[in-house]
Structure formats: C-alpha cells, structure tokens
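Given next are the chains, with one letter for each unit.
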Amino acid sequence: MNFEKFESVEYKDKFHKEIIRDTERQKILERFELLAQREDNWDGYGSKKPTQLTLEHAKLLIEELLDSINSAGYFWITPYISSDEDGNVTAEWYEVERQLHVQIGEDEAEYIQVWGTNIDTEMHVDFFNRNNYLTLWEWLIDG
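Keep in mind the model is a prediction, meaning the values are calculated, not measured.

S.K.: Please explain the sheet that holds strand S2 (residues 89-95) as it appears in this structure.
M.R.: What holds strands together in a sheet is hydrogen bonding between their backbones, with the strands either parallel or antiparallel. Overall, antiparallel pairing links the five strands, which are arranged S1-S2-S3-S4-S5 in an open sheet. Whereas interior strands pair on both sides, the edge strands pair on one side only; in this sheet they are strand S1 (80-83) and strand S5 (123-127). Neighbouring strand axes in the sheet, compared pairwise and without regard to direction, differ in orientation by 15° on average. Bridging between S2 and strand S3 (residues 98-104) involves seven bridges; their strand directions are antiparallel.

Have a look at this one:
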C-alpha cells in the first residue's frame, strides 16, 4: 500500500471540506450583514429589526451547527436566513418532503420539524441546541 498517496488524498479531502465550510460560513455572514442593516418596520407591516444580541446568538448557533455537520462528515445545505415580525432570526432548510425551521431569539431558540400538513401528527416543536443538531440534520437529509 502506498501510504503517501493515502495521506495526500486524505489531506485533499480535508482541505476541500475546509474550503466548503469557509465558503458556506461566508454566505452566512453576508446574510447576517444584510439582517443587521434592517430597521424597524423593514417589511412595511411593523416588523421589528433583529437586535445585535439576537444576531450574535443566531450567528453562533448556525456556525455551531455548520461545524457539527462538517465534523460528522455530512453535506451542508445552505439555509434561507431571514427575520420574523418579532425580530427573531429564522433559518429554514427544505429537503424533499421535510422541512426544518429554526427561530432564534436573544436567549433561546426553537425548531419546527415539518413532514406534512397536519399540525398534530406531522410537525414537532422543541428547543434548538447543540444536543440535537446531528439528530435533526440526520432526520432532514436521511428521513
């Protein structure tokens, strides 16, 4: 076995993952820069702008999620990132018939798993934290 070749492939794979992670991180940071420019009533319906604390909390959680996904060897799906009428940051992922919505405030975050239209039997709501990152991601991409 040629160990030099094996190490080279492993290094290239690791380097490739780092480039992808850095590219995705840059996309996320650009979206947060846009959110930081919002003012109250940004949508014409009285919606609040996200506070600096909310933006920092959301950025931290999404970057932690990205790092967890990358470390576990899963592929990353760039979320749609926005804010809601209360000034919370929202991140949404769509994969075939599954959706993951995360709503992040100044001091807590919740997620909603959606796999149908029935709110009682095809949706689940709970708190979003690093203990459930990989479980939620596996559910989203693997079903």
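S.K.: Could you clarify how one ought to interpret helix H2 (residues 52-72) in this entry?
M.R.: Helical geometry note: an α-helix holds 3.6 residues per turn, so side chains three or four residues apart project in the same direction. Its 21 residues give H2 an end-to-end C-alpha distance of 30 Å, which sits within 8% of 30 Å, the value for a rise of 1.5 Å per residue. Within the span of H2, buried status applies to Thr54, Leu55, His57, Ala58, Leu61, Ile62, Glu63, Glu64, Leu65, Leu66, Ile69 and Asn70. Looking one or two residues beyond H2, the residue adopting positive phi is Gly73, at roughly 90°.

S.K.: Looking at this structure, I do not really get the packing of aromatic side chains. What am I missing?
M.R.: The relative placement of two aromatic rings is captured by the distance of their centres and the angle of their planes. For the structure on display, the rule yields five aromatic pairs. With a centroid separation of 6.1 Å and 80° between ring planes, the pair formed by Trp76 and Trp93 is classed as edge-to-face. One end of the pair, Trp76, is in the loop between H2 and S1; the other, Trp93, is in strand S2, and 17 residues separate them in sequence. The exposure class of Trp76 is buried, given its relative accessible area of 13%. With a relative accessible area of 1%, Trp93 lands in the buried category. Consider the rings of Phe128 and Tyr133, whose centres lie 5.0 Å apart with planes at 40°: the pair is tilted. In terms of burial, Phe128 and Tyr133 fall into one category: buried. Connected via pairs of aromatic rings, a cluster forms that spans Trp76, Trp93 and Trp137. Just above the ring of Trp42 sits the side chain of Arg38; from NZ or CZ to the centre is 3.7 Å.

S.K.: Is there a simple way to explain the side chain of Arg38 in this structure?
M.R.: Within the secondary structure layout, Arg38 lies in the loop between helix H1 (3-36) and H2. At a separation of 2.6 Å, a polar atom in the side chain of Arg38 contacts the side chain of Ser83.

S.K.: Even after reading the chapter, I still don't get the pattern of salt bridges, so can you show me in this structure?
M.R.: Note that side chains of opposite charge can pair when their charged atoms are close. Evaluation of the coordinates by the stated rule reveals four salt bridges. Measuring nitrogen to oxygen at the nearest pair gives 3.3 Å for the salt bridge that ties Lys27 to Glu24. Of this pair, Lys27 and Glu24 are both found in helix H1, three residues apart, which corresponds to roughly one turn of the helix. Its relative accessible area of 42% is what places Lys27 among the partly exposed residues. For Asp67, the salt bridge goes to Arg25, with nearest N and O atoms at 2.7 Å. In this pair, Asp67 is assigned in helix H2 and Arg25 in helix H1, connecting sequence segments 42 residues apart. On the basis of relative accessible area, Asp67 is assigned to the partly exposed category, the value being 32%. On the basis of relative accessible area, Arg25 is assigned to the buried category, the value being 18%. Overlapping salt bridges, with partners in common, bring together Arg25, Glu63 and Asp67 in one network.

So, how was this worked out
Residues numbered from 1 in each chain as written. Predicted model: local features only at pLDDT ≥ 70, side-chain atom pairs only at ≥ 80, totals over all residues. Heavy atoms only, no water. Pairing = 2+ DSSP bridges. Helix = DSSP H or I, 4+ residues; strand = E, 2+ residues; numbered from the N terminus. Axes fitted to C-alpha atoms, helices over the stretch in contact; angles between N-to-C directions. Expected span 1.5 Å × (residues − 1). Buried < 20%, exposed > 50% of the residue type's maximum accessible area, 1.4 Å probe, protein only. Phe/Tyr/Trp six-rings, centres within 6.5 Å; stacked < 30°, edge-to-face > 60°. Lys NZ or Arg CZ within 6 Å of the ring centre and 35° of its normal. Polar contact = N/O pair within 3.5 Å; in protein donor to acceptor, adjacent residues only side chain to side chain. Salt bridge = Lys/Arg side-chain N within 4 Å of Asp/Glu carboxyl O.

By themselves, these figures tell us nothing about what the structure is for.
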